[in-house]
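# Architecture and fold: a report
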Amino acid sequence: MLVVGASIAGVRAVQALRRQGYEGTLRLVGDEDVPAYRRPELSKRFLAGDLSVDQIALATPADLDCDVLLNARATRLEVADQRVWIGDAGADPRPYRFDGLVIATGAHARRLRVPPMAGVHVLRTHQDAELLRAELATSPRVVVVGGGLIGCEVAATCRSLGLAVTIVEPTGALMSGAIGREVGARITELQSGHGVDVCVNCGVTELRGGNRVESVVTSGGREIAADVVVVGIGSEPNTSWLAGSGLPPATGVLCAPNLAVVGARRAVGAGDVVAWKSSGSARPVRMEHWENAVRQAETAAHTLLLGESAPGFDGTGGLFWSHQFDATLHVLGDPRAADEVRFLEDDPGRQRAVACYARDGRVMAFALLNSADWLGSAGRLVRQRAAMPLHGTGEPLRR
Ligand SMILES: Cc1cc2nc3c(=O)[nH]c(=O)nc-3n(C[C@H](O)[C@H](O)[C@H](O)COP(=O)(O)OP(=O)(O)OC[C@H]3O[C@@H](n4cnc5c(N)ncnc54)[C@H](O)[C@@H]3O)c2cc1C
């Protein structure tokens, strides 16, 4: 068995295959230079300088009951011959035959379409975070382009380091793509309350400077001085190595409900790279969260061992979290699937909110701001697709 991508989805797939009884040869291949690490820390304590890469290690090769190839990149998949070509430590790629393949190559950060300029960063790998961290030491003014999860966390960390931070976000509220404008407004208040200059309904039209960035110009015509710009405008799945494999075109690796790769025998997908087509939905979705990668790896391993008849992945109870300043946001289920949101609790003074999202009156998701005490009951309501609780104030969901 071959697992391509040595981060959380790949590592958990290896562990799940062994736990589920696979005793044959197992190889884990990853193109990063260090063993798997807890990527979510990159925008949090790692960026703040509180943790080293060793301290965020997930599993060392010695912890895993398999061959581990680091600095090794898969360059081609041959579906009919069940082979993956792998270039190891700069050597020419060689073919590896597989009886079972897990595709867990994740995603990379999307970049602004501007010529390369010093001082402009993205954040996806430990190297990105180390570069950014080093520049923050001498850069008092930070502009974050994009107010999604990563942008908000970077802003919070930079602000906590005492830097002047501006977030430029094209929608009307921070994190609105993931949680809608109503709850996004609470995140906007949280960031503003800690002194972040939040510029919503603002696109970026230009980065100014010579070799090094000096300012960001917004669609409203405002010019914001910047020593460092961090671009957090989403990610793209790592699928370039699959070009020419004949897999169907999709944003990501198109997978069946049980995570079998569509168009390939004996292959499954897990994690951020997957475009998952659930049995009930018309369009495939990518769920780019840690806990999703963990759970998909478990199902993918099961499907590989059991074959096509393996049961589908249960995407209903997904969870992601975000830490910003002293606040924690938990999101259960998928708010993007809802058409209504209702605040069951809303206490801006204590920065506490419980928002329930529903479609056709049935609970699809919860967002819990500093309300971890709701995790158990919210999870139950989401899994049961319960009727929307009637107390609190409801309104149509806006993005
Ligand atoms: C800064 C940051 C903060 C985050 N914070 C949170 C958070 O608070 N909560 C949350 O739920 N999620 C968070 N996430 C998202 C979470 O980290 C991802 O969902 C998770 O890492 C996905 O795991 P994965 O294994 O699918 O993909 P990745 O972690 O992207 O790993 C894929 C691996 O495959 C390797 N690879 C790619 N192509 C090849 C190839 N051709 N050959 C060999 N190897 C290859 C990559 O280099 C990488 O090591 C955050 C992400 C980032 C970047």
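Residues numbered from 1 in each chain as written. Predicted model: local features only at pLDDT ≥ 70, side-chain atom pairs only at ≥ 80, totals over all residues. Heavy atoms only, no water.

The name given to the chain in an unreviewed UniProt entry is NADPH-dependent 2,4-dienoyl-CoA reductase/sulfur reductase-like enzyme, with the source organism recorded as Kribbella kalugense.

## A few points about the layout of surface pockets
Put simply, the rule is: Throughout, the protein atoms alone are placed on a 1 Å grid, and a set of points is a cavity if a 1.4 Å probe fits but cannot get out or a pocket if it is open with protein on both sides within 12 Å along at least five of seven lines; lining residues have an atom within 4 Å of a point. Grid points are joined across faces, edges and corners, and a volume is the space filled by probe spheres set on the points. Secondary structure elements follow DSSP: runs of H or I of four or more residues count as helices, runs of E of two or more count as strands, with numbering from the N terminus. Note on residue classes: Ala, Val, Leu, Ile, Met, Phe, Trp, Tyr, Cys and Pro are nonpolar, Asp, Glu, Lys and Arg are charged, and everything else, Gly too, is polar. Domains are outlined according to an automatic or database domain assignment.
The space that makes up the second largest pocket amounts to roughly 250 Å³. Forming the walls of the second largest pocket are 15 residues, and the residues nearest its centre are Pro40, Glu41, Lys44, Arg45 and His323. Of all elements in the fold, only helix H4 (149-160) and strand E21 (319-324) reach the threshold of two or more residues within the lining of the second largest pocket. Looking at which element gives the most residues to the lining of the second largest pocket, the answer is H4, with four residues. A class-by-class count of the residues in the lining of the second largest pocket yields five nonpolar, five polar and five charged. The residues that make up the lining of the second largest pocket include at least three from each of domain 1 (2-108 + 235-306) and domain 2 (111-231).

## Considerations on the packing of helix H1 (residues 8-19) against helix H6 (residues 290-306)
Defined as follows: Lines are fitted to the C-alpha atoms to define the axes, a helix being fitted only along its stretch in contact, and any angle between axes, read from their N-to-C directions, falls within 0 to 180 degrees. When describing relative orientation, an angle under 35 degrees is termed roughly parallel and one over 145 degrees roughly antiparallel, while 65 to 115 degrees is termed roughly perpendicular and anything else oblique. Note on convention: the crossing is left-handed when the near helix lies turned anticlockwise from the far helix by less than a right angle, right-handed when the turn is clockwise. Residues count as neighbours in contact if any of their non-hydrogen atoms are within 4.5 Å of one another.
With their axes 8 Å apart at the nearest point, H1 and H6 run at an angle of 40° to one another. Taken as axis vectors, H1 and H6 run oblique relative to one another. Crossing of H1 against H6: the hand is right-handed. Across the interface between the two elements, Ile8, Ala9, Arg12, Ala13, Ala16, Leu17 and Arg19 of H1 pack against Trp290, Ala293, Val294, Ala297, Glu298, Ala301, Leu304 and Leu305 of H6. In terms of residue class, the contact of H1 with H6 is made up of twelve nonpolar, no polar and three charged.

## Notes on the state of the cysteines
What counts is decided by this rule: Any two cysteine sulfur atoms lying within 2.5 Å of each other are counted as a disulfide. Three labels apply to residues, based on accessible area from a 1.4 Å probe with only protein chains included: buried if under 20% of the type maximum, exposed if over 50%, partly exposed otherwise in between.
Enumeration according to the criterion identifies one disulfide in this entry. Bridging cysteine 199 to cysteine 202, the disulfide has an S-S length of 2.5 Å. Here the two residues cysteine 199 and cysteine 202 agree in accessibility, since each one is buried. For the unlinked cysteine cysteine 152, the closest cysteine sulfur is that of cysteine 158, found at 12 Å.

## Remarks on the site of the ligand
Applied cut-off: We define proximity as follows: a residue is near a molecule or strand when any one of its heavy atoms falls within 4 Å of that partner. Any N or O atom pair separated by 3.5 Å or less is treated as a polar contact, with the protein-specific requirement of one donor-capable and one acceptor-capable atom, and with residues adjacent in sequence counted only for side-chain atom pairs. Computed with the Shrake-Rupley method and a 1.4 Å probe, the accessible areas treat only the protein chains shown as cover for residues.
If you check the shell around the ligand, you find 34 residues, and the closest are Asp31, Glu32, Arg39, Lys44 and Arg124. Within the backbone of alanine 9, an N or O atom sits 3.0 Å from an oxygen atom of the ligand. In this structure, tryptophan 321 approaches the ligand through a main-chain N or O atom, which is 3.0 Å from an oxygen atom. Against a free-state accessible area of 1,000 Å², the protein chains account for coverage of 97% of the ligand.

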